[in-house]
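Next come the chains, spelled out residue by residue.
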Amino acid sequence: MPQDKDAKRFYQVAWQRLEDAAFLLDAARTTAAMYLGGYCVECMWKALIVTQAGKSKKDEVLELFAGSKAHNFDWLRSLYDKYGGPPPPKRDKELTNALVVVASWGTHLRYHPGTMPEDTAKEFLDAVRLVRKWADERL
């Protein structure tokens, strides 16, 4: 668990959103499960970024998290890289695939009527769990 209070908050929210997503998936609320699963990944990226940036850059980083771009995983990944975060290992094909799967996430899901196919939601949450595990090992 991160030591910094803001990184810890993002980390705890990430875990909670994943638990919420699993609960919703079990209840066949697949779209909502994917939506909250994506927030797990978003919060893990933010915990990683705050941790990498350190105390001297933390306020700068937290200000960057305001606005809609702070939901974009590519943008968050670029911030992680900017602050010196070690990249995910390219030889880990499973993690590489999981990062591709979760990259399909966006806040647009909150406006998607109906339910996503169950196998799509399961695949997405499995990918979220892999990304969360990778991030967790770096915090």
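Keep in mind that what you see is a predicted model, and the values were worked out from it rather than measured.

Definitions and cut-offs
Residues numbered from 1 in each chain as written. Predicted model: local features only at pLDDT ≥ 70, side-chain atom pairs only at ≥ 80, totals over all residues. Heavy atoms only, no water. Axes fitted to C-alpha atoms, helices over the stretch in contact; angles between N-to-C directions. Helix = DSSP H or I, 4+ residues; strand = E, 2+ residues; numbered from the N terminus. Parallel < 35°, antiparallel > 145°, perpendicular 65-115°, else oblique. Phe/Tyr/Trp six-rings, centres within 6.5 Å; stacked < 30°, edge-to-face > 60°. Buried < 20%, exposed > 50% of the residue type's maximum accessible area, 1.4 Å probe, protein only. Lys NZ or Arg CZ within 6 Å of the ring centre and 35° of its normal.

J.: Would you explain the packing of helix α1 (residues 5–26) against helix α2 (residues 30–64) in this entry?
T.: A pair of packed helices is captured by two measures, namely the crossing angle of their axes and the spacing between those axes. Their axes nearest at 8 Å, the elements α1 and α2 cross at an angle of 175°. Regarding the angle of α1 to α2, the classification is roughly antiparallel.

J.: Is there a simple way to think about the packing of aromatic side chains in this case?
T.: To describe a pair of aromatic rings, one takes the distance between the centres and the angle between the planes. One pass over the full model with this rule turns up 9 aromatic pairs. With a centroid separation of 5.1 Å and an interplanar angle of 90°, the aromatic rings of Tyr35 and Tyr39 are classed as edge-to-face. With Tyr35 and Tyr39 both in helix α2 and 4 residues apart, the pair spans about one turn of that helix. Residue Tyr35 shares its accessibility class with Tyr39, and that shared class is buried. Directly above the ring of Phe10 sits Arg9, whose terminal nitrogen or CZ lies 4.8 Å from the centroid. The ring of Phe65 has Lys46 lying over it, and the distance from NZ or CZ to the ring centre is 5.2 Å.

Without other data, these values stay purely geometric and don't point to any function.
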